[in-house]
Amino acid sequence: MKNYIDISPEVKQALETKKPVVALESTIISHGMPYPKNLETAREVEDIIRKRGAVPATIGIMKGRLKIGLTEEELKYFATEKGILKTSRRDIPYITANKLDGATTVASTMILAGMAGIKVFVTGGIGGVHRGGQNTLDISADLMEFSKTDMAVICAGAKSILDIGLTLEYLETQGVPVVGFGTQAFPAFYTRDSGFSADYKVDDVQTMAQIMKDKWEMNLKGGIVIGNPIPKEAELNPESINDAIEKAVNLAEEKGIHGKEVTPFLLSHLKEATKGESLRANIELVYNNARVGADIAIAYQNLE
Ligand code: PSU
Ligand code: MN
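Residues numbered from 1 in each chain as written. Chains lettered and ligands numbered in written order. Predicted model: local features only at pLDDT ≥ 70, side-chain atom pairs only at ≥ 80, totals over all residues. Heavy atoms only, no water.

1. Some words on the packing of aromatic side chains
Reasoning step 1: Within the structure shown, the criterion is met by three aromatic pairs.
Reasoning step 2: Where tyrosine 77 meets phenylalanine 78, the ring centres are 6.3 Å apart and the plane angle is 90°; that geometry is what we call edge-to-face.
Reasoning step 3: Take phenylalanine 78: its relative accessible area is 1%, and that puts it in the buried class.
Reasoning step 4: The aromatic ring of tryptophan 216 is capped on one face by lysine 119, whose charged end is 5.7 Å from the ring centroid.
Reasoning step 5: The residue whose ring lies beneath lysine 159 is phenylalanine 189, and the NZ or CZ to ring-centre distance is 4.3 Å. (Phe/Tyr/Trp six-rings, centres within 6.5 Å; stacked < 30°, edge-to-face > 60°. Buried < 20%, exposed > 50% of the residue type's maximum accessible area, 1.4 Å probe, protein only. Lys NZ or Arg CZ within 6 Å of the ring centre and 35° of its normal.)

Have a look at this one:
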């Protein structure tokens, strides 16, 4: 495995000295946000994590090498370079074999972070069952990954571009705990309450860390979805954002957009439709997840 992985000096030292490390994905940089906001956000997220006392490890694939921890220059590369492939589990071996660049999704970031021994991962939102997924079988590989890879994933829930009810059903079937951090409601990314309930409400990072430790010590394999709602002051108006989402989903269907293009199309369309409001909300919720994720990583490391 070592033959494939490059761990940055900062992350390597942290892992060796048992400091808390927080993984970050690169699809959100290359395919989730436009330049230069993507780069600013990626840097700021890393800084937030460092300031709280943990070490960030942004993950991606460069020229076929699995990178755990990116330099400033490498972050910029992911933020600006065209032709970086959106990489989920299925794509990894093709990309390494052909020495290509890949931005990692939630699924593939979980895999690569897991290879490096990281247990906590901060993102914006997870993929899920797309609307109409019972017919199209468009179910993000993120969900399957939660049944396979041991990782606590702090997110702001799942966007209502998805069918959140079916997403939660799928996670239940796969045996994946879905926790609301400080809330019983499963959050809906731009808004604090999806109308669906998380399995459990957990109010503090110590309890969260104990759940992680117990799950993995008992060899109950897999990930944990930690839904951390967007801060109140950054939340979008549920009616207007859901209306915009409805229109975006219909447009994607009309245009025949499918497969891995769907999520990036919807995100960029929503940004236009909301005059940038959706992007602002997206950035704020990621910062909020970085704060909570760093604290969970620290609490977990203290238990170990
Ligand atoms: N949610 C966001 N921004 C993103 C994504 C999700 O708010 O950029 C990305 C994540 O990388 C996630 C992926 O893993 O979209 C899911 O894509 P798909 O539905 O094609 O599996
Ligand atoms: Mn899909």
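Structure's up, so let's keep going.
2. With respect to the packing of helix H3 (residues 37-51) against helix H13 (residues 277-303)
Reasoning step 1: At their nearest, the axes of H3 and H13 sit 9 Å apart, and the two run at 20° to each other. Accordingly, the angle class assigned to the pair H3 and H13 is roughly parallel. The element H3 and its partner H13 pack so that their crossing is right-handed. Note on element contacts: H13 touches H3 through Leu279, Ile283, Val286, Tyr287, Ala290, Arg291 and Ala294, opposite Lys37, Glu40, Thr41, Glu44, Val45, Ile48 and Ile49. (Axes fitted to C-alpha atoms, helices over the stretch in contact; angles between N-to-C directions. Helix = DSSP H or I, 4+ residues; strand = E, 2+ residues; numbered from the N terminus. Parallel < 35°, antiparallel > 145°, perpendicular 65-115°, else oblique. Left-handed = near helix turned anticlockwise from the far one by under 90°. Contact = heavy atoms within 4.5 Å.)

3. Comments concerning the packing of helix H11 (residues 238-254) against helix H12 (residues 262-273)
Reasoning step 1: Here H11 crosses H12 at 130°, and the two axes come no closer than 10 Å. In terms of orientation, H11 and H12 fall into the oblique class. You can see that H11 and H12 cross each other, and the crossing is right-handed. Between H11 and H12, the contacting residues are Ile241, Ala244, Ile245, Ala248, Val249, Leu251 and Ala252 on the first element and Phe265, Leu266, His269 and Leu270 on the second.
Reasoning step 2: Class assignment of the residues belonging to the contact of H11 with H12 gives a composition of 10 nonpolar, one polar and no charged. (Nonpolar A, V, L, I, M, F, W, Y, C, P; charged D, E, K, R; others polar.)

4. Notes on the nonpolar core
Reasoning step 1: Formed by 103 residues in total, the largest nonpolar core has its most connected members in Ile68, Ile126, Phe146, Tyr190, Val225 and Ile296.
Reasoning step 2: Tallying contributions element by element places H13 first for this core, with 13 residues.
Reasoning step 3: Excluding residues that lie within four positions of it along the chain, valine 225 makes contacts with Ile126, Phe146, Val153, Cys155, Leu171, Val176, Pro177, Val178, Val179 and Phe186. (Core = buried A, V, L, I, M, F, W, Y, C linked by side-chain atoms within 4.5 Å.)

5. Regarding the side chain of asparagine 289
Reasoning step 1: Of note, asparagine 289 is situated in helix H13.
Reasoning step 2: When sequence neighbours within four positions are dropped, the list of residues in contact with asparagine 289 reads Val122, Thr123, Gly124, Ile154, Cys155, Ala156 and Asn228.

6. A word on the site of ligand 1
Reasoning step 1: In the vicinity of ligand 1, 16 residues are found, and the nearest of them are Glu25, Lys86, Val106, Ser140 and Asp142.
Reasoning step 2: Valine 106 is positioned such that a nitrogen or oxygen atom in its backbone is 2.8 Å from an oxygen atom of ligand 1.
Reasoning step 3: Between an oxygen atom of ligand 1 and a side-chain N or O atom of histidine 130, the distance comes to 3.5 Å.
Reasoning step 4: Notes on ligand 1: free accessible area 480 Å², of which the protein chains cover 94%.
Reasoning step 5: Ranked by residues supplied to the shell around ligand 1, first place goes to helix H2 (residues 27-32) with three residues.
Reasoning step 6: The residue inventory of the shell around ligand 1, partitioned by class, reads four nonpolar, seven polar and five charged. (Near = heavy atom within 4 Å. Polar contact = N/O pair within 3.5 Å; in protein donor to acceptor, adjacent residues only side chain to side chain. Areas by Shrake-Rupley, 256 points an atom, 1.4 Å probe, with all protein chains shown as cover.)

7. Observations concerning the environment of alanine 198
Reasoning step 1: Mapping alanine 198 onto the fold places it in the loop between strand S9 (178-181) and strand S10 (200-202).
Reasoning step 2: In sequence terms alanine 198 and alanine 248 are 50 residues apart; their C-alpha atoms lie 26 Å from each other.
Reasoning step 3: Apart from residues no more than four positions distant in its own chain, alanine 198 is found in contact with Val178, Val179, Gly180, Gln184, Ala185 and Phe186.

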